[in-house]
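Listed below are the residues making up each chain.
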Amino acid sequence: MDSKVRVRFAPSPTGGLHIGGVRTVLFNYLFAKHHGGEFILRIEDTDQSRFVPGAEQYIMDTLAWCGLSPDESPAVGGAYAPYRQSERKQLYKKYADQLIADGYAYYAFDTPSDLENKRNEIPNFQYNKAHRKEMKNSISLSENEVNDLLKNNTPYVVRIIMPEQETLSFNDLIRGEVSFDTSTVDDKVLLKADGMPTYHLAVVVDDHLMKITHAFRGEEWLPSAPVHILLWKYLFGINHMPQWAHLPLILKPEGHGKLSKRDGERLGFPVFAMDWMDPNTKEQTIGFKERGFLPEALINLLALLGWNDGTDKEIFSIDELIAQFSLERVHKGGAKFDYEKAKWFNQEWIKKTSNDQLATLVKPFYDDAQIEVHEPAYLVKVIGLIKDRCHLLTDFITQGSFFFKAPTEIDTASILTKWEEKKQGFFTALTGDYEAMISKGDTQPTAADLEIHFKALAATHEIKPGDLMLPFRIMLVGGKFGPGVFEIIQAIELKDAKERIEYSLKLLSNK
RNA sequence: GGAGCGUUCGACUAAGGGUUAGGUCACCUCCCUUUCACGGAGGUAAUACGGGUUCGAAUCCCGUACGCUCUACCA
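Residues numbered from 1 in each chain as written. Chains lettered and ligands numbered in written order. Predicted model: local features only at pLDDT ≥ 70, side-chain atom pairs only at ≥ 80, totals over all residues. Heavy atoms only, no water.

Asker: I'm lost on the overall build of chain A in this one. Help?
Answerer: Each helix and strand in chain A was counted, giving 21 helices and 13 strands. Taking 511 residues into account, the globule formula puts the C-alpha radius of gyration at 24 Å, and chain A, at 32 Å, lies well above it. Projected onto its principal axes, the C-alpha positions of chain A cover 110 × 50 × 35 Å. Taken over 511 residues, chain A has a buried fraction of 51%. Counted over contacts in chain A with a minimum sequence separation of 6, partners at least 24 positions apart contribute 73%. Approximately 23,800 Å² of chain A is accessible, and the part contributed by carbon and sulfur atoms is 49%. Charged side chains in chain A number 60 positive and 72 negative. The centres of these two groups are separated by 1 Å. (Helix = DSSP H or I, 4+ residues; strand = E, 2+ residues; numbered from the N terminus. Rg over C-alpha atoms; globule rule 2.2 N^0.38 Å. Buried < 20%, exposed > 50% of the residue type's maximum accessible area, 1.4 Å probe, protein only. Contact = heavy atoms within 4.5 Å. Areas by Shrake-Rupley, 256 points an atom, 1.4 Å probe, with all protein chains shown as cover. Lys, Arg positive; Asp, Glu negative; His and termini not counted. Charge placed at Lys NZ, Arg CZ, Asp CG, Glu CD.)

Here you go:
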């Protein structure tokens, strides 16, 4: 048996965490835990120009919320620290030097504008065998020229020499054998002018140093795989290379292409796991968490986007996912994201969650909506009454706020279509009866008792109860929704019910 | 342009040479519900196209089309 399974998620801290990223984390995590291995978080902050303060913390907060905490990370440390590539900067140069010494890489002194000019001059310009002799580098220049440039501290990058017409293939855990002709990829930069490695060098060096056994990443990385394979071959030996798996992409719900932050804004659903505010632009992006998703539901729906266990089962806990997960059942093709189905997953998880737990989860949403919850037990009771009609935690506000304060918006239009004098009389009598019950001290009638009383009163007024139910409901909750009318009264109690009826009656008489 | 990868109902997917191509979301109908939901019962709806191989193809092979990704001193 091989050594212990070690996988890593290696994001660059440039902004909020997209659900595609969360799914990459998930598959890493599931694979690691399924095999009793370790999951490492490594921060790839090699591009200083794109560094966004707070993004790293956001990533860690998101993983914590999702319940996908790493075994090793910049925050918790580990045997292979540091886990931030910017703090590992000095490590990479020696490998770049080694590649140059071994003839696999070279210095290139071209300035950004040199490259830009070249690209403008030659359509589809590639820095490769065909053109590298036209450029300013240690292949085209004499040894003396190169030494002079280096001595004068001329900025340079290190580029890999892509061999010509060498077929490179590897076994992708998801796709099977994939092969490339090395001539189709250019001489990638390995070490930048600022001394930082590019992704290509850093990923190989760090995966080696951190003893990564399986490397998962998005499908968009497939075309650069030959560079990484070559680097493994040159630096550490191809036999030590981790097993690669390129994950399918999460696509836009309509049209084509990768799901992006913009799609969420356009179509009105979250794309980031949690709220994210860009510290530079102050732009706010909504997250699944704040939209009212349970982390279990987000994990569940992401797992089923591109994977299934081969049965009809769709609801999985994280432990069930760990037990069942296998890369063989991960799809090759991308999957379109469907927000309706996402909400269905959340609804299923709301149903699975106890009322007590839901109460603590829902409470912050009530606080944000400035709805005061005096008694936690009352909130639990309300949740029991409305939970079946909630898809999102935020639905507990729209479905439940009237339990805490009388509605101010009353759909009087719906009452007025069939409103008549005798109904007015009925409700006036009803408030009278409620008043009498209150003064008798009978403040806690059951829903069943209230219904019996209501029907009896309707009979004396010679009105069918059915003609009264809808207006009654609207008076109590403001609109055509909510649980049973008498259960509502039982919950909000008689005094409140009476006041709501009176308020609506006043509105109606003004119309 | 080049390279790589992909393609089953509108969406997520099952079926790995033999099924009336199954399930879930969405949509429609009905039942339940004196509201809205939940729940229950039904329904509409798919193997991109063209060639092979085979007694038999969604499944294997070839071609075509379409789509996606990459083609930065970004990851």
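Asker: Sorry, what's going on with the environment of Pro70 here?
Answerer: Residue placement: Pro70 occurs in the loop between helix H2 (55-66) and helix H3 (89-101). Placed 257 residues apart in sequence, Pro70 and Leu327 show a C-alpha to C-alpha distance of 20 Å. Aside from chain neighbours lying at most four places away, what touches Pro70 is Phe39, Ile40, Leu41, Leu63 and Val76.

Asker: Before we go on, may I ask you to explain the packing of aromatic side chains in this structure?
Answerer: Each aromatic ring pair is characterised by the separation of its centres together with the angle its planes make. Counting across every chain of the model gives 32 aromatic pairs. On the numbers, 5.3 Å between centres and 85° between planes, the contact of Phe426 with Phe454 is edge-to-face. Remark: Phe454 occurs in helix H18 (residues 447-460) and Phe426 occurs in helix H17 (residues 421-439); sequence separation between them is 28 residues. Exposure remark for Phe426: the relative accessible area of 0% places this residue in the buried category. For Phe454, a relative accessible area of 0% puts it in the buried group. Members of the aromatic cluster, connected to one another through ring pairs, are Trp419, Phe426, Phe427, Phe454, Phe472 and Phe486. A cation sits over an aromatic face here: Arg159 above Tyr127, 3.7 Å from the ring centre. Its guanidinium or amino end placed over the ring of Phe316, Lys313 lies 5.0 Å from that ring's centre, counting from NZ or CZ. (Phe/Tyr/Trp six-rings, centres within 6.5 Å; stacked < 30°, edge-to-face > 60°. Lys NZ or Arg CZ within 6 Å of the ring centre and 35° of its normal.)

Asker: What am I meant to see in the pattern of salt bridges here?
Answerer: Side chains that differ in sign of charge can pair as their charged atoms come close. Inspection of every chain in the model, using the stated rule, returns 33 salt bridges. Within this structure, Lys4, Arg6, Glu38 and Glu72 form a network of salt bridges that share partners. (Salt bridge = Lys/Arg side-chain N within 4 Å of Asp/Glu carboxyl O.)

Asker: Would you take a moment to explain the protein's contact with RNA strand B for this structure?
Answerer: As a matter of local geometry, RNA strand B sits amid 64 residues, with Gln126, Lys192, Arg389, Pro465 and Gly482 nearest to it. In RNA strand B, the atoms that sit within 4 Å of the protein are 72% sugar and phosphate, with bases accounting for the remainder. In the model, a sugar or linking oxygen of RNA strand B is placed 2.9 Å from a nitrogen or oxygen of the Lys480 main chain. Secondary-structure elements contributing two or more residues to the surface near RNA strand B are helix H4 (112-121), strand E4 (157-160), strand E6 (176-181), strand E13 (335-336), helix H12 (339-352) and helix H19 (465-477). (Near = heavy atom within 4 Å. Polar contact = N/O pair within 3.5 Å; in protein donor to acceptor, adjacent residues only side chain to side chain.)

Asker: Hey, could you run me through the pairing of strand E1 (residues 6-9) in this one?
Answerer: Regular strands have side chains that alternate between both faces of the sheet. Every second residue of E1 is oriented toward a common face, with Arg6 and Arg8 on one face and Val7 and Phe9 on the other, all of them buried. With four bridges connecting them, E1 and strand E2 (residues 38-41) associate as parallel partners. If you follow Arg8 over to E2, its bridge partner there is Ile40. (Pairing = 2+ DSSP bridges.)

Asker: Sorry, what's going on with the sheet that holds strand E7 (residues 189-191) here?
Answerer: Backbone hydrogen bonds hold the strands of a sheet together, and the pairing may be parallel or antiparallel. The three strands are arranged E3-E4-E7 in an open sheet whose pairing can be described as antiparallel. The sheet terminates laterally at strand E3 (105-108) and E7, the two strands that pair on one side only. For this sheet the average axis-to-axis angle between neighbouring strands, irrespective of direction, equals 45°. Inspection of the sheet shows E3 paired to E4 by four bridges, in the antiparallel sense. Opposite Tyr107, over in E4, you have Val158 as the bridge partner. (Axes fitted to C-alpha atoms, helices over the stretch in contact; angles between N-to-C directions.)

Asker: Whenever I open this one, the packing of H18 against H19 confuses me. Can you help?
Answerer: Describing two packed helices takes the angle between their axes plus the distance from one axis to the other. Where H18 contacts H19, the axes come no closer than 10 Å and their chain directions differ by 120°. Put simply, H18 runs oblique to H19. The handedness of the crossing between H18 and H19 comes out as right-handed. Two secondary-structure elements touch here, H18 through Phe454, Lys455 and Ala458 and H19 through Pro465, Leu468, Met469 and Phe472. Residue composition of the contact of H18 with H19, by class: six nonpolar, no polar and one charged. (Parallel < 35°, antiparallel > 145°, perpendicular 65-115°, else oblique. Left-handed = near helix turned anticlockwise from the far one by under 90°. Nonpolar A, V, L, I, M, F, W, Y, C, P; charged D, E, K, R; others polar.)

Asker: What's the story with the pairing of E6 in this structure? I'm lost.
Answerer: Where strand E5 (residues 167-172) meets E6, six bridges bridge the pair, whose relative direction is antiparallel. Along E6, the bridge assignment pairs Asp172 with Gly176. Count of turn residues in the E5/E6 antiparallel hairpin: three residues.

Asker: Just checking my understanding: could you explain the environment of Phe345 for this structure?
Answerer: Locating Phe345 in the fold gives a position in helix H12. By relative accessible area, which is 4% here, Phe345 ends up buried. Sequence separation of Phe345 and Lys129 is 216 residues, and the distance between their C-alpha atoms is 52 Å. With sequence-adjacent residues up to four places away left out, Phe345 is seen in contact with Ala297, Asn300, Leu301, Leu304, Glu314 and Ile315.

Asker: Explain the nonpolar core to me, please; I cannot follow it from the model alone.
Answerer: Core analysis: the biggest nonpolar cluster contains 116 residues, and Phe337, Phe396, Phe403, Phe427, Tyr434, Phe472 and Ile489 have the highest contact counts within it. In this structure, Phe337 is in contact with Ile19, Ile250, Leu251, Lys252, Pro253, Leu259, Phe269, Phe288, Leu301, Leu305 and Ala342, ignoring residues within four places of it in sequence. Leu168, Val185, Ala202 and Ala225 belong to the second largest nonpolar core, which has 40 residues in total. (Core = buried A, V, L, I, M, F, W, Y, C linked by side-chain atoms within 4.5 Å.)

Asker: Please clarify how the environment of Pro53 should be interpreted in this entry.
Answerer: Relative to the elements of secondary structure, Pro53 occurs in the loop between E2 and H2. Sequence separation between Pro53 and Gly37 is 16 residues, and the spatial gap between their C-alpha atoms is 31 Å. The contacts of Pro53, once residues within four sequence positions are left out, are Trp276 and Pro279.

Asker: When you look at the packing of H19 against helix H20 (residues 485-492) in this model, what are you seeing that I'm missing?
Answerer: Contact pair H19 / H20: the axes reach a minimum separation of 10 Å and the direction vectors enclose 30°. Note on packing geometry: the crossing formed by H19 with H20 is left-handed. Of the residues in H20, those in contact with Met469, Phe472, Arg473, Leu476 and Val477 of H19 are Val485, Phe486, Ile488, Ile489 and Ile492. Its residues assigned to classes, the contact of H19 with H20 shows nine nonpolar, no polar and one charged.

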